[in-house]
Amino acid sequence: MHYLDHAATTPVLPEVRDTMLPFLEDDFGNPSSVHGPGRRAKEAVEDARDRVANAIGASPAEVVFTGGGTDADNLAVKGAAHKLRGNGNHIVTTSFEHHGVLGPAEWLEGQGFEVTTVSVRSSGVVDPQEIAAATRKSTVLVSVMTVNNEIGTIQPIAEIVETVKASHPNALVHTDAVQALGNIAVDVDRWGVDLASFSAHKVGGPKGVGALFVRSGTALEPVTHGGGQERGLRSGTLNVPGIAGLGVAAQVAAKEVDEKQERVRKMRDALLAGLREAVPDLIVNGELEHRVAGNLNVCIPRAEGQIMLLLLDQAGIACSSGSACQSGAVDPSHVLLAIGVSPALAKGSLRFSFGRASDPSDVQAVLEVFEGIVAQARKVAA
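About the criteria used
Residues numbered from 1 in each chain as written. Predicted model: local features only at pLDDT ≥ 70, side-chain atom pairs only at ≥ 80, totals over all residues. Heavy atoms only, no water. Helix = DSSP H or I, 4+ residues; strand = E, 2+ residues; numbered from the N terminus. Buried < 20%, exposed > 50% of the residue type's maximum accessible area, 1.4 Å probe, protein only. Contact = heavy atoms within 4.5 Å. Expected span 1.5 Å × (residues − 1). Bend = angle between axes of the 7 residues up to and from the residue. Salt bridge = Lys/Arg side-chain N within 4 Å of Asp/Glu carboxyl O. pLDDT = per-residue confidence, 0-100. Disulfide = S-S within 2.5 Å. Pairing = 2+ DSSP bridges. Right-handed = clockwise from strand over helix to strand, strands pointing away. Axes fitted to C-alpha atoms, helices over the stretch in contact; angles between N-to-C directions. Phe/Tyr/Trp six-rings, centres within 6.5 Å; stacked < 30°, edge-to-face > 60°.

Caption draft 1: How the structure looks around the side chain of Arg378. Among the structural elements, Arg378 can be located in helix α12 (residues 360-381). Residue Arg378 is classed as buried on the basis of its relative accessible area of 18%. Residues contacting Arg378, with those up to four places away along its chain left out, are Val279, Asp281, Ile300, Pro301, Arg302 and Ala303.

Caption draft 2: The arrangement of the environment of Val292 in detail. Tracing the sequence through the fold places Val292 in the loop between β9 (283-284) and β10 (295-299). The class of Val292 is buried, set by a relative accessible area of 5%. For the pair Val292 and Arg265, spaced 27 residues apart in the sequence, the C-alpha separation amounts to 8.4 Å. Ignoring any residue separated from it by four or fewer positions in sequence, one finds Val292 in contact with Val147, Gly152, Ile154, Asn183, Ile184, Gln261 and Arg268.

Caption draft 3: Here's a closer look at α12. Here α12 spans 31 Å end to end across 22 residues, near enough to the 32 Å set by a 1.5 Å rise per residue. Taken as a whole, α12 carries its principal kink of about 45° at Phe370. Along α12, the residues classified as buried are Asp362, Val363, Ala365, Val366, Phe370, Ile373, Val374, Ala377 and Arg378. Packed against the buried residues of α12 are β1 (2-3), α8 (240-278), α9 (305-314), β11 (317-318) and β14 (349-353).

Caption draft 4: How the structure looks around the pattern of salt bridges. Taken as a whole and judged by the stated rule, the model has 17 salt bridges. Across the pair Arg356 and Glu15 runs a salt bridge, and its minimum N-O distance is 3.2 Å. Here Glu15 lies in helix α1 (residues 14-20) and Arg356 lies in the loop between β14 and α12, a separation of 341 residues in the sequence. Measuring nitrogen to oxygen at the nearest pair gives 2.9 Å for the salt bridge that ties Glu114 to Arg136. Here the residue Glu114 occupies a position in strand β4 (residues 114-118), and Arg136 occupies one in the loop between α5 (128-134) and β5 (139-143), the gap between them amounting to 22 residues. Since its relative accessible area comes to 39%, Glu114 is described here as partly exposed. Via salt bridges that share partners, Lys42, Glu46, Arg49 and Glu230 belong to a single interconnected network.

Caption draft 5: Geometry of the confidence of the model for the chain. Taken over all residues, the pLDDT of the chain has a mean of 95, while the share at 70 or more is 98%. Low pLDDT, under 50, characterises residues 323-329; the stretch is placed with 14 contacts to residues that sit more than four places away or in other chains.

Caption draft 6: Representation of the side chain of Asp5 within the structure. With respect to the helices, strands and loops of the structure, Asp5 is situated in the loop between β1 and α1. Look at Asp5 and you get buried, because its relative accessible area is 11%. Among all residues touching Asp5, those that are not within four sequence positions of it are Ala318, Cys319, Ser320, Arg351 and Ser353.

Caption draft 7: Spatial organisation of the state of the cysteines. For the coordinates displayed, the defined rule picks out zero disulfides. For Cys299, which is in no disulfide, the shortest distance to another cysteine sulfur is to Cys319 and amounts to 13 Å. For Cys319, a relative accessible area of 11% translates into the label buried.

Caption draft 8: Representation of the pairing of strand β3 (residues 90-94) in the model. For β3, the tally of buried residues reaches five of five residues, placing the bulk of the element in the interior. Here β3 shows two buried faces, one formed by His90, Val92 and Thr94 and the other by Ile91 and Thr93. Where β3 meets β4, five bridges bridge the pair, whose relative direction is parallel. Bridge assignment links Ile91 to a residue of β4, and that residue is Val115. Read as a crossover between parallel neighbours, the route from β3 over helix α4 (residues 99-109) to β4 is right-handed.

Caption draft 9: Spotlight on the environment of Pro241. With respect to the helices, strands and loops of the structure, Pro241 is situated in helix α8. Judged by relative accessible area, Pro241 falls into the buried class, the value being 13%. With 75 residues separating them along the chain, Pro241 and Ala166 place their C-alpha atoms 42 Å apart. The contacts of Pro241, once residues within four sequence positions are left out, are Met20, Phe23 and Leu24.

Caption draft 10: A look at the sheet that holds β3. Strand order in the open sheet made by the seven strands is β2-β8-β7-β6-β5-β3-β4, with mixed pairing throughout. In this open sheet, the two strands that pair with only one neighbour each are β2 (63-66) and β4. Across the sheet, the mean angle separating the axes of adjacent strands is 20° when strand polarity is ignored. Relative to β5, β3 runs parallel, the two being bridged by three bridges.

Caption draft 11: View of the sheet that holds β9. Taken together, the three strands give an open sheet; going across it, the order is β9-β10-β14, and neighbouring strands pair in antiparallel fashion. For this open sheet the edge positions go to β9 and β14, each flanked by a neighbour on one side alone. In this structure, β9 lies alongside β10, joined through two bridges in antiparallel fashion. Opposite Ile283, over in β10, you have Cys299 as the bridge partner. Along the sheet face, α8 touches β9, β10 and β14 and points at about 15° away from the line of β10.

Caption draft 12: Representation of the packing of aromatic side chains. Enumeration over the complete set of coordinates arrives at one aromatic pair. Their ring planes at 70° and their centres at 6.4 Å tell us that Phe352 and Phe370 sit as a pair that is edge-to-face. Placement of Phe352 in strand β14 and of Phe370 in helix α12 is noted, with a sequence separation of 18 residues between them. For Phe370, a relative accessible area of 0% corresponds to the buried category.

Below, the structure is given as structure tokens:
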């Protein structure tokens, strides 16, 4: 299998697996327990907290472990909105956010909040001035992702924070940075954000564990109530093996980011050149300049993305489409629609995403079959 779907999930790194194993076997203690096994589990959690903090430019006390990126998004969006409701009821976000942000924002509308969804330019890059213009006196939260999960475009987060805070210093700024770690240098302190979400399985860690950066002094209302773990912000027995794995994965991702990007950019560019030669009317979604190196999202006119995915899978190639299956129906990607791609064209999208394990043979495998696969898909659609 030639795996080109690292934006969806990544294989667990060997060093991550080795770190996790002891906490799945002998060191199985609950980190809230005071006995030896519990203390060893607690030490692992705090070691991971240090590693994550170092990887994202935070202090350990600002790292809250969660059940994943969506869990972190929910805690940030719902927690900030409810905690600050006395200051206002307005939230600003964008039309191409991950559903981990759009879902909570929609739910909050049902709770009496007002949500302004800012449109995105065809480049796939948000205009900070448009974000600032959407804010008002009652704005309590602004949420803009750092790297778009489908088209890989990088948002000017530091500039967005600066423009928002200049006129609304009390509004919190959250960023979904799930696709940022391991793909660009992450520094939440330099960005100036109040809240940032991360996920382990995007960087060679296990699924089902993530982290939320909560800047010191930022107040949140808990979404999950119970035993008061994670400073009362995220109750529940901690996933010690997963958290230990996240710590190592985040450390590796931060250490290798520059080398990885230089390497995968060459493969991404070679793939694009070959795809354009095979299918001259191919369209790249979003600009290439402000984009993570390992992402290539394209539309193939007159072809269905789902058909191409099945044919690529049969050829031993794993990638993804910009379409999402909901209630049995395949709908166009909301991200592509947000940047102005027509619904018909959006259904012909493919996303190729590279990672640590990618090599040139993956590119060659795609190029050997792509022209024939597009021809087959177009024949089906005709």
